[in-house]
Protein chains: 4
Amino acid sequence: MGKGRLEAFTDGVIAIIITIMVLELKLPEGHDVSGLLAAAPSFLVYALSFVNVGIYWNNHHHMLHATRQVNGTVLWANLFLLFWLSLVPFVIRWIGEAGISPLPIAGYGFVLLLSALGYTWLERAIIAVNRDNGVLAMAIGSDWKGWLSLAGYIAGIAFAFVSPWIALACYLSVAIMWLVPDRRIERRIGTDPDSAG
Amino acid sequence: MGKGRLEAFTDGVIAIIITIMVLELKLPEGHDVSGLLAAAPSFLVYALSFVNVGIYWNNHHHMLHATRQVNGTVLWANLFLLFWLSLVPFVIRWIGEAGISPLPIAGYGFVLLLSALGYTWLERAIIAVNRDNGVLAMAIGSDWKGWLSLAGYIAGIAFAFVSPWIALACYLSVAIMWLVPDRRIERRIGTDPDSAG
Amino acid sequence: MGKGRLEAFTDGVIAIIITIMVLELKLPEGHDVSGLLAAAPSFLVYALSFVNVGIYWNNHHHMLHATRQVNGTVLWANLFLLFWLSLVPFVIRWIGEAGISPLPIAGYGFVLLLSALGYTWLERAIIAVNRDNGVLAMAIGSDWKGWLSLAGYIAGIAFAFVSPWIALACYLSVAIMWLVPDRRIERRIGTDPDSAG
Amino acid sequence: MGKGRLEAFTDGVIAIIITIMVLELKLPEGHDVSGLLAAAPSFLVYALSFVNVGIYWNNHHHMLHATRQVNGTVLWANLFLLFWLSLVPFVIRWIGEAGISPLPIAGYGFVLLLSALGYTWLERAIIAVNRDNGVLAMAIGSDWKGWLSLAGYIAGIAFAFVSPWIALACYLSVAIMWLVPDRRIERRIGTDPDSAG
């Protein structure tokens, strides 16, 4: 089976997730600037989520670009990732209703953690099917960014019950770390004539 | 007429269905874990629906891959399938409002049953246009999984009025049965040089 | 400019319209069958709208298949059509709130009428750019179905203030007339080697 | 990296934005024409937004058509543009709730302004990567329309606190200015055999 339809489906779902999040963003109350200021935290969570989903789209794009084969496990790992990403709009609504409080902020971290685990599973599944593709395997071999993300999310979930703002700082740090696109794969692709897609 | 645009349209609609379901998922009430636990059944219905729609996407993909011709009947059978799948988010909202109670759980089964009938119709319509395509016809000739799904959904609808939880167990069993992708078609495609898509 | 991106964008918007309509469908009230029966008219409007949008997708597909050139006018006529189609979910919500009553049912007819006018404008714009494409021009030359649709919608809007049910019967009649795909174009394409897409 | 997936993702997000806006459009109240008239301003904002997003789609299409290379900066400038466009449905909901009043109308101008800045950034980023592509650079070299848009939006935001209607007139004027598609690029593409896409 080719990877084209998987890529198109994933792009579609991610494009929808990133766009319908806005339907869950809470309106500012009242008619003055104090209402706007009160809505600012929700808006920041929205912006952070937009960037997070954008990062997944970007990295998914890079990884699939270097991929040549997909199988059933890759399909289901991908669907698992999409399942958890699909809950991001839900968490935005939850935070909009309940405010920057421990439970929804921990829930946000849980959704980000499971998404990251889904991405890791997908990565492993793709490497397993593309064993002969040295570029891909070597490129994502020492995935310290992935492990650091998991640690950051777990720390955030724990901190949420102490101070939800520290938890948000954890999630934000992980996002900033990823804002640099994964140049490891890009660089190796550039030097490997085989993987030109 | 080619099958490309039908595939793209169906993928688009299924990607949207699977993603907007989250807009219908009910928020947990209150600020403590008991509210989360009370929301767990809705969440399980959401997860089950996500998997069900994912299964349709996957099987639709396999079937269309082995298809070479489509006609008007195929188009309308496909639209009939999409109509019933489009009601899955509606049922999630209904269950979120009314709880795991007989009527919405029977309604869920009804939507799943009509979706399955739509898929069966689509299958028959595709076989009728691709009569010379022995791979496809033989591959889905003895469609015991399809018949078992219909039986499972009908049983679920009946059980919903006795215990909605037994009904959900019926729907879940059907989903688990389908989680194994339809290797019958895959296997035959692998041995038939004609159907390489 | 090619027609590919226009087709993809239109398919995307139509796929989204047909799918998000369900978010506007009103929940049945109460926990018994009487609540379901009371919701039946809304559900019928939903089903009729699903079929109508499906018909537009189908006919748009046929028309664009026979098209070779698009220009700025075609782009804006297409956007005008999509604008009015985008209001279909809104009308479903309106009918769900206000019931099968004169104003929303007339509004439904108005949206259908303007969509049909948009389609007619698009048709004319496409013919104007594809003057050398005899197949297309001849095929949709005597567009009695289009004119009958406009008449049916205008009649429906007028009747809505007498009886909204007669108005719905008008809209339904137009839909049934279109359920037969436009075989005029299909037939001519089949006999014209130039237009194979 | 190719531009294909960026184009497809952007088209997807813009198609979703333009379509889900309707979910945020407020229903007319009551059952008579006075309710409809009261809803007219919201409807006009909806129509203006539909046209604005359509203009972005159209101009993005023209610009990407003349583009040959994209890089990380282009990706992020594009995501920045999409972020601000994604807030258009939110502003429609806000105006629906709060009416044509200073704060939401200024907020609408702010979202339009930031979208325009995002488009300008994207334009600069694309020119930077396509330095050898004289067609593109010359074509959008003297971008007076872009600067006039920024001025119009800033004026609108300021006027919103005097009279929101004057602000809306500013936003409308910008939209009308853009309704003429960017023929500068089209014309040059027509005379440059290299950039045929």
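Model, not experiment: these values are computed from the prediction.

Undergrad: Sorry, what's going on with the overall build of chain A here?
TA: A tally of helices and strands in chain A yields nine helices and zero strands. Along its sequence from the N terminus, chain A presents helices and strands in the succession α-α-α-α-α-α-α-α-α. Put simply, chain A has 197 residues, and 63% of those count as buried. For chain A, contacts bridging at least 24 residues in sequence account for 81% of all contacts bridging at least 6. On chain A, roughly 7,500 Å² of surface is accessible, and the fraction owed to carbon and sulfur atoms is 68%.

Undergrad: Even after reading the chapter, I still don't get the relation of the copies chain A and chain B, so can you show me in this structure?
TA: Each copy of the chain is related to the other by a rotation around an axis and a translation along that axis. Its rotation angle being 90°, the transformation that places chain A on chain B also includes 0.0 Å of axial translation and leaves an RMSD of 0.0 Å. Such values leave the two copies arranged in the relation of a four-fold axis. When the interface residues of chain A are mapped onto chain B, a mere 12% of them again fall at the interface, so the copies present different faces.

Undergrad: Got a minute to help me understand a nonpolar patch on the surface in this structure?
TA: All names here are of chain A. Nonpolar side chains collect at one region of the surface, where Val33, Leu36 and Leu37 lie side by side and expose about 270 Å² of accessible area between them. Along the chain, Leu37 turns up in helix α2 (residues 33–65). On the basis of relative accessibility, which here comes to 59%, the residue Leu37 falls in the exposed class.

Undergrad: It is not clear to me how the nonpolar core should be interpreted in this structure. Could you clarify?
TA: The tendency in soluble globular proteins is for nonpolar side chains to be buried as a group. Judged by nonpolar contacts, the single largest core of 275 residues is most densely connected at A:Tyr171, B:Tyr171, C:Tyr171 and D:Tyr171. Every residue in contact with A:Tyr171, bar those within four places of it in the chain, is listed here: A:Leu48, A:Ile105, A:Ala106, A:Tyr108, A:Gly109, A:Leu112, A:Tyr153, A:Gly156 and A:Ile157.

Undergrad: Please clarify how the environment of C:Val53 should be interpreted in this entry.
TA: Residues and elements named next belong to chain C. Structurally, Val53 is set in helix α2 (residues 33–65). On the accessibility criterion, Val53 (2% relative accessible area) is buried. The spacing of Val53 and Ser115 is 62 residues in sequence and 10 Å in space, taken between C-alpha atoms. Residue contacts for Val53: discarding those within four places in its chain leaves Ile14, Ile17, Ile18 and Met21.

Undergrad: So what exactly am I meant to see when it comes to the packing of aromatic side chains here?
TA: Think of a pair of aromatic rings as described by two things: how far the centres are apart, and how the planes are tilted against each other in angle. Applying the stated rule across the entire model yields 60 aromatic pairs over all chains. Look at D:Phe80 and D:Trp121: their rings are 5.6 Å apart centre to centre, the planes differ by 70°, and that puts the pair in the edge-to-face class. Here the residue D:Phe80 occupies a position in helix α3 (residues 72–85), and D:Trp121 occupies one in helix α5 (residues 102–129), the gap between them amounting to 41 residues. We classify D:Trp121 as partly exposed; its relative accessible area is 38%. Taken together, the ring pairs in this structure connect A:Phe43, A:Tyr46, A:Phe50, D:Phe80, D:Phe83, D:Trp84, D:Phe110 and D:Trp121 into an aromatic cluster.

Undergrad: Just checking my understanding: could you explain the interface of chain A and chain B for this structure?
TA: Interface size is commonly expressed as the accessible surface area that is lost when the partners come together. Contact with chain A, which involves 26 residues of that partner, is made by 31 residues of chain B. Roughly 2,700 Å² of surface becomes buried between chain A and chain B when both sides are summed, with 77% attributable to carbon and sulfur atoms. Contact with chain B buries area across many residues of chain A, yet A:Arg5, A:Phe9 and A:Trp76 alone supply 29% of it, more than any other trio. Counting across the chain A and chain B interface gives two salt bridges. B:Glu7 is the partner of A:Arg5 in a salt bridge, and the nearest nitrogen-oxygen pair spans 3.9 Å. Inspection of the chain A/chain B interface yields five residue pairs in polar contact (both at pLDDT 80 or more). For the side of chain A that touches chain B, the secondary structure elements donating two or more residues are α1 (4–20), α3 (72–86) and α4 (88–98) of chain A. A per-class count over the side of chain A that touches chain B returns 20 nonpolar, two polar and four charged.

Undergrad: Got a minute to help me understand the packing of α2(A) against α4(A) in this structure?
TA: A pair of packed helices is characterised by two quantities: the angle between their axes and the separation of those axes. Residue and element names in this part refer to chain A. Remark: α2 packs on α4, axes separated minimally by 10 Å, with the N-to-C direction vectors making an angle of 170°. Regarding the angle of α2 to α4, the classification is roughly antiparallel. Across the interface between the two elements, Ser42, Val45, Tyr46 and Ser49 from α2 touch Val88, Ile92, Ile95 and Gly96 from α4. In terms of residue class, the contact of α2 with α4 is built from five nonpolar, three polar and no charged.

Undergrad: Which parts of the structure should I look at to understand the packing of α3(A) against helix α2 (residues 33–65) of chain B?
TA: Contact geometry of α3(A) with α2(B) gives a least axis separation of 11 Å together with a crossing angle of 140°. On the basis of the axis angle, α3(A) is oblique to α2(B). Both α3(A) and α2(B) take part in a crossing whose hand is right-handed. Facing A:Leu75, A:Trp76, A:Leu79, A:Leu82, A:Phe83, A:Trp84 and A:Ser86 of α3(A), the residues of α2(B) in contact are B:Phe43, B:Tyr46, B:Ala47, B:Phe50, B:Gly54, B:Ile55, B:Trp57 and B:Asn58. Residue composition of the contact of α3(A) with α2(B), grouped by class: 12 nonpolar, three polar and no charged.

Undergrad: Help me understand the interface of chain A and chain D in this model?
TA: At the interface, 31 residues of chain A touch 26 residues of chain D. Roughly 2,700 Å² of surface becomes buried between chain A and chain D when both sides are summed, with 77% attributable to carbon and sulfur atoms. For the interface between chain A and chain D, the tally reads two salt bridges. Here A:Asp11 and D:Arg5 are joined by a salt bridge, their closest N and O atoms 2.2 Å apart. At the level of elements, α1 and α2 of chain A are the ones that each hand at least two residues to the side of chain A that touches chain D. Among the elements that line the side of chain A that touches chain D, the one with the most residues is α2(A), at 13 residues. Here the residues of the side of chain A that touches chain D sort into 20 nonpolar, seven polar and four charged.

Undergrad: Just checking my understanding: could you explain the pattern of salt bridges for this structure?
TA: For side chains bearing opposite charge, pairing can occur when the charged atoms are close. Under the definition given, this model contains 20 salt bridges over all chains. One network of salt bridges, in which partners are shared, links A:Arg5, B:Glu7 and B:Asp11.

Undergrad: What is the right way to read the confidence of the model for chain A from this model?
TA: Detailed reading of the predicted coordinates is not advisable wherever pLDDT is low. Residues and elements named next belong to chain A. Taken residue by residue, chain A gives an average pLDDT of 85. The fraction at 70 or more is 85%. The model gives residues 189–197 a pLDDT under 50, and that stretch makes nine contacts with residues more than four places away or in other chains. As scored by the predictor, the complex reaches a pTM of 0.88 and an ipTM of 0.84.

Undergrad: For this particular structure, what's the right way to read α3(A)?
TA: A turn of α-helix holds 3.6 residues, and therefore any two residues three or four places apart point the same way. Taking 1.5 Å per residue, 15 residues should reach 21 Å; α3(A) reaches 21 Å between its end C-alpha atoms and fits that length. For α3(A), the tally of buried residues reaches 13 of 15 residues, placing the bulk of the element in the interior.

Undergrad: Mind showing me how you'd approach the side chain of B:Ser42 here?
TA: Residues and elements named next belong to chain B. Relative to the assigned elements, Ser42 resides in helix α2. Under the relative-accessibility criterion, Ser42 is labelled buried at 15%. Look past the residues within four positions of Ser42 in its chain and what remains in contact with it is Leu25 and Gly96.

Undergrad: Help me out: how do you make sense of the environment of B:Phe110 in this one?
TA: Residue and element names in this part refer to chain B. As for its position among the elements, Phe110 is in helix α5 (residues 102–129). Classification of Phe110 by relative accessible area gives partly exposed; the value is 41%. C-alpha separation for the pair Phe110 and Arg131, spaced 21 residues apart in sequence, amounts to 31 Å. When residues no more than four places from it in sequence are discounted, the contact partners of Phe110 are Trp84 and Ile157.

What counts and what doesn't
- Residues numbered from 1 in each chain as written.
- Chains lettered and ligands numbered in written order.
- Predicted model: local features only at pLDDT ≥ 70, side-chain atom pairs only at ≥ 80, totals over all residues.
- Heavy atoms only, no water.
- Helix = DSSP H or I, 4+ residues; strand = E, 2+ residues; numbered from the N terminus.
- Buried < 20%, exposed > 50% of the residue type's maximum accessible area, 1.4 Å probe, protein only.
- Contact = heavy atoms within 4.5 Å.
- Areas by Shrake-Rupley, 256 points an atom, 1.4 Å probe, with all protein chains shown as cover.
- Least-squares fit on C-alpha atoms with pLDDT ≥ 70 in both.
- Patch = residues over 30% accessible without salt bridge, like charges linked within 9 Å, V, L, I, M, F, W, Y side chains within 5 Å.
- Salt bridge = Lys/Arg side-chain N within 4 Å of Asp/Glu carboxyl O.
- Core = buried A, V, L, I, M, F, W, Y, C linked by side-chain atoms within 4.5 Å.
- Phe/Tyr/Trp six-rings, centres within 6.5 Å; stacked < 30°, edge-to-face > 60°.
- Buried area = accessible area lost by both parts, 1.4 Å probe.
- Polar contact = N/O pair within 3.5 Å; in protein donor to acceptor, adjacent residues only side chain to side chain.
- Nonpolar A, V, L, I, M, F, W, Y, C, P; charged D, E, K, R; others polar.
- Axes fitted to C-alpha atoms, helices over the stretch in contact; angles between N-to-C directions.
- Parallel < 35°, antiparallel > 145°, perpendicular 65-115°, else oblique.
- Left-handed = near helix turned anticlockwise from the far one by under 90°.
- pLDDT = per-residue confidence, 0-100.
- Expected span 1.5 Å × (residues − 1).

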